[in-house]
Amino acid sequence: MPQSIIVYTFKTGPRDEWRRQITAMVAEMNGDPDLKGRISYRVLKERNGDRYWHVASAVDDAALKALQSKDYFRRYQAATREISGGTVEVIGTETMAETDFRG
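Residues numbered from 1 in each chain as written. Predicted model: local features only at pLDDT ≥ 70, side-chain atom pairs only at ≥ 80, totals over all residues. Heavy atoms only, no water.

### Overview of the overall build of the protein
Then, in step 1: Along its length, the protein carries 3 helices and 4 strands.
Then, in step 2: Secondary structure elements of the protein, listed N to C terminal, follow the sequence β-α-β-β-α-α-β.
Then, in step 3: Counting only C-alpha atoms and orienting by the principal axes, one finds that the protein spans roughly 35 × 30 × 25 Å.
Then, in step 4: Counting only residues that meet the buried cut, the protein has 28% of its 103 residues in that class.
Then, in step 5: Of the contacts made within the protein by residues no fewer than 6 positions apart, 70% connect residues no fewer than 24 positions apart.
Then, in step 6: Accessible area of the protein: about 7,200 Å², with a carbon and sulfur share of 48%.
Then, in step 7: Charge centroids of the protein, computed over 16 positive and 15 negative side chains, lie 3 Å from each other. (Helix = DSSP H or I, 4+ residues; strand = E, 2+ residues; numbered from the N terminus. Buried < 20%, exposed > 50% of the residue type's maximum accessible area, 1.4 Å probe, protein only. Contact = heavy atoms within 4.5 Å. Areas by Shrake-Rupley, 256 points an atom, 1.4 Å probe, with all protein chains shown as cover. Lys, Arg positive; Asp, Glu negative; His and termini not counted. Charge placed at Lys NZ, Arg CZ, Asp CG, Glu CD.)

In structure tokens, the structure reads:
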């Protein structure tokens, strides 16, 4: 299962607008029949700061490629680079162990 953590610090632009863009992109993913049940995407923000982490998991490489082919995702990637001043880091990860959680 391909997994990534995207890390950056918000540096420029209206914070409320960035939050709206994140919410809109996640809504696009949720409504996309090509991705339904194939991609997990979670956006986390530091409570008292400007650091963000996006945690993405895909059932397989084909699901990841489907996401990357979407125009709305490409626009979102460009916006992420812009608000971070070009300092986006993408870290490929693998799960070593995890708890059961059904929250």
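### As for the packing of aromatic side chains
Then, in step 1: Summed over the entire model, instances satisfying the criterion amount to 4 aromatic pairs.
Then, in step 2: Pairing Tyr41 with Phe73 gives two aromatic rings, centres 6.4 Å apart and planes at 85 degrees, and the pair type is edge-to-face. Placement of the pair is Tyr41 in strand 2 (residues 39-45) and Phe73 in helix 3 (residues 71-83), with a sequence separation of 32 residues.
Then, in step 3: An aromatic cluster is built from Tyr8, Trp18, Tyr52 and Tyr76, whose rings are joined through pairwise contacts. (Phe/Tyr/Trp six-rings, centres within 6.5 Å; stacked < 30°, edge-to-face > 60°.)

Don't take any of this as a statement about function, it's just geometry.
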